[in-house]
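Residue-level structure breakdown
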Amino acid sequence: MSPLPLSGYRILSAEQYGAGPYGTMFLAQLGAEVIKIEPPKEGDTARAVGPHFLRPGESVYFQAFNLNKRSITLDLQSSAGQQVLHRLAAGADAMVNNLRGDIPDRIGLTYAALKDANPAIVCAHLSAYGRDNERARWPGYDYLMQAEAGYLSLTGEPDGPPSRMGLSMVDFITGTIMTIGLLARLISARATGRGGDVDVDLLSAAVHQLSYPAAWYLNEGEVTGRTARSAHPSVTPSQMFRTADGWIFVMAQLPKFWTILCTQIGHAELATDPRFATPALRLAHRSELTAVLDAIFATAPTRHWLDRLEGEMPVAPVFGIDQALDNPFLRATGMLDTVPHPDRDALRVLANPIRLDGERLPNRAGPLLGADTEAVLGEAGYSAAEIAELKAAGAI
């Protein structure tokens, strides 16, 4: 592959757990040198997340968020650690953190704290609720954002309890949004020589993802609620249906797909049934239509219906995680990768979804704790004696 688009950029990141590391992993996979700053001894808390470990303190979970990075240990709360930070910042393009909102200012990770070392540095902050409001000191996690932003009220069956999404999608989208803001500011900094702060918080990102239900409520007062079978709130049939051996998700989002569905399942008469003749009528008679289609789909297994519908209209099997990851299509498209790790010759990882000129981005295993400390400090001009002194003082 030709040089990656972010080759030559150096990103420092005081990051932990999921949201920040997920975002910076994209930067690392796109070619940036991402230097992960971790507390001495314990490192990123993600290293201790079980139940699966490559060695004590080195979890498989950690690998999901830290491919292609370097790791140094540095005590940012010590004066010696701050001196190292400023020296590293002088040669970096950005300083990222995903700490509690009140911490970046306290430990000197803001543009105001680092601009004397590097006027062009971009400081990106990912926090739970922001750095400049009454919640700045509040800890917060993805699940809380799903609750407060209304996601739980949209997820699950109508007669069941509110439910969260099965993955920490607020973490992931916030990390992604952070990288967008960071990249935009990096372009500006390269052009002007002046950096600055970029802020994103989990709750704002979560609320922003409400998208069209937010527009409906803010302008029309409509409160979108849960629908049975994970159905689309205003289009039908666009939901799950039972088959003889499982479930299938069918999405007749456009009128033409309703006609195709009826033809392909062998019931063309449904397309002209007066109860279902228009999108509005199908929505008004959603329960009746669900019963009719359930009866049809229940007569054959999922694979039978996929063979009839795939490529003709939007349709998918409802997989478990094992089936999803064993899907031959992922192997065919290169979404599964293998990287060497000191504790496992062939560690299986996911590829980045971005492709450049048709090629997947290259992967390296996530680093062991502090694996690059001496190398990074040596590159910053520290002698072996100075590095030994920092180590003896507990600063690295």
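Anything mentioned here points back to the structure above.
My aim in this report is to walk through the structure given alongside it, one point at a time. The structure displayed is predicted, hence computed values, not measured ones. Sequence order sets the numbering: in each chain, residues are counted from 1 along the sequence as written. Predicted model: local features are reported for residues with pLDDT of at least 70 only, side-chain atom pairs are reported and counted for 80 or more only, and whole-chain, interface and lining totals are derived from all residues. Heavy atoms throughout the structure, all of them, feed into the side-chain values; hydrogens and water do not.

**Some thoughts on the pattern of salt bridges**
- Salt bridges are defined as contacts in which a side-chain nitrogen from Lys or Arg sits within 4 Å of a carboxyl oxygen from Asp or Glu. Under the definition given, this model contains 22 salt bridges.
- Here Glu-33 and Arg-70 are joined by a salt bridge, their closest N and O atoms 2.3 Å apart. Here Arg-70 lies in strand β5 (residues 70–73) and Glu-33 lies in strand β2 (residues 33–38), a separation of 37 residues in the sequence.
- Burial classification: accessible surface area is computed with a 1.4 Å probe over protein chains only, and a residue below 20% of its type maximum counts as buried, one above 50% as exposed, and the rest as partly exposed. You can call Glu-33 partly exposed: its relative accessible area is 23%.
- Asp-102 serves as the salt-bridge partner of Arg-100, at 2.7 Å between the closest nitrogen and oxygen.
- Looking at Arg-100, the relative accessible area reads 31%, which means it is partly exposed.
- Look at the salt bridges and you will find they share partners, linking Arg-10, Glu-33, Arg-70, Asp-372 and Glu-379 into a network. Helix and strand definitions follow DSSP, with helices as H or I runs of at least four residues and strands as E runs of at least two, each counted in order from the N terminus.

**A word on helix α8 (residues 169–192)**
- Expected helix span is given by 1.5 Å per residue-to-residue step, counting one fewer step than there are residues. Over its 24 residues, α8 extends 35 Å from the first C-alpha to the last, a length consistent with the 34 Å expected when each residue adds 1.5 Å.
- For α8, every residue scored as buried is listed here: Val-170, Asp-171, Phe-172, Thr-174, Gly-175, Met-178, Thr-179, Leu-182, Leu-186 and Ala-189.

**Considering helix α14 (residues 302–309)**
- Here α14 has its buried residues at Thr-302, Trp-305, Leu-306 and Leu-309. End-on, the buried residues of α14 take up no more than an arc of 105°, which puts them together on one face.
- Whether two residues are in contact is decided by their heavy atoms: any pair within 4.5 Å suffices. Where α14 is buried, its residues meet β10 (247–251), α11 (255–264), α13 (286–297) and β11 (315–317).
- Positive backbone phi, at 85°, marks Gly-311, one or two positions downstream of α14. Arc definition: it is the arc formed by the directions from the helix axis to the C-beta atoms.

**Quick notes on the nonpolar core**
- For the purposes of this section, nonpolar cores are sets of buried Ala, Val, Leu, Ile, Met, Phe, Trp, Tyr and Cys residues that join through side-chain atoms within 4.5 Å. In terms of nonpolar packing, the biggest core is built from 32 residues, with Ile-11, Met-145 and Leu-182 touching the most fellow members.
- When residues of this core are assigned to their parent elements, the largest contribution, five residues, is made by α8.
- Core analysis: the next-biggest nonpolar cluster, separate from the first, contains 28 residues, Ile-72, Tyr-382, Ile-387 and Leu-390 among them.

**Comments concerning the sheet that holds β2**
- Taken in spatial order, the six strands line up as β5-β2-β1-β6-β7-β8 in an open sheet, and their pairing is parallel. Edge positions in the open sheet fall to β5 and β8 (196–201), since each of these has one partner strand only. If you compare each strand with its neighbour and ignore which way they point, the axes differ by 20° on average.
- Pairing between two strands requires that DSSP report at least two bridges joining them. Pairing of strand β1 (residues 10–14) with β2, which is carried by four bridges, proceeds in the parallel orientation. Residue pairing in the sheet places Ile-11 in a bridge with Val-34 of β2.
- Axis geometry follows a simple rule: fit a line to the C-alpha atoms, using only the stretch in contact for helices, then measure angles between N-to-C directions, giving values from 0 to 180 degrees. Across the sheet, helix α1 (residues 19–29) touches β1, β2, β6 (94–97) and β7 (122–127), and the angle it forms with β2 is around 155°.

**A word on the pairing of β1**
- Across the five residues of β1, five count as buried, placing the element largely inside the fold.
- Burial along β1 is two-sided: Arg-10, Leu-12 and Ala-14 and Ile-11 and Ser-13, pointing in opposite directions, are all buried.
- Looking down the strands as they point away from you, a crossover is right-handed if its path from the first strand over the helix to the second goes clockwise. The handedness of the β1 to β2 crossover, carried by α1, is right-handed.
- For β1 and β6, the ladder comprises four bridges, and the chain directions are parallel. Its bridge partner lying in β6, Ser-13 is registered against Val-96.

**A short note on the environment of Met-169**
- Looking at the secondary structure, you find Met-169 in helix α8.
- Residues Met-169 and Asp-142 lie 27 residues apart in sequence; the distance between their C-alpha atoms is 7.5 Å.

**Things to note about the environment of Ala-324**
- In this fold, Ala-324 is placed in helix α15 (residues 321–325).
- Taking the C-alpha atoms as reference points, Ala-324 and Ala-120, 204 residues apart in sequence, are found 44 Å from one another.
- With residues near it in sequence (within four places) discarded, Ala-324 still touches Phe-319 and Leu-330.

**Considering unusual backbone geometry**
- Residue Pro-51 is bonded to the preceding Gly-50 through a cis peptide linkage, with omega at 10°.
- Note on placement: Pro-51 falls in the loop between β2 and β3 (53–55).
- Following Thr-236, the chain continues to Pro-237 via a peptide bond in cis, the omega torsion being 0°.
- On the secondary structure map, Pro-237 appears in the loop between α10 (211–220) and β9 (238–242).
- Of note, Tyr-17 is a non-glycine position whose phi angle comes to about 60°, a positive value.
- Turning to its location among the elements, Tyr-17 is positioned in the loop between β1 and α1.
- We note that Asn-68 has phi near 75°; this positive angle belongs to a residue other than glycine.
- Relative to the helices and strands, Asn-68 resides in the loop between α2 (60–63) and β5.

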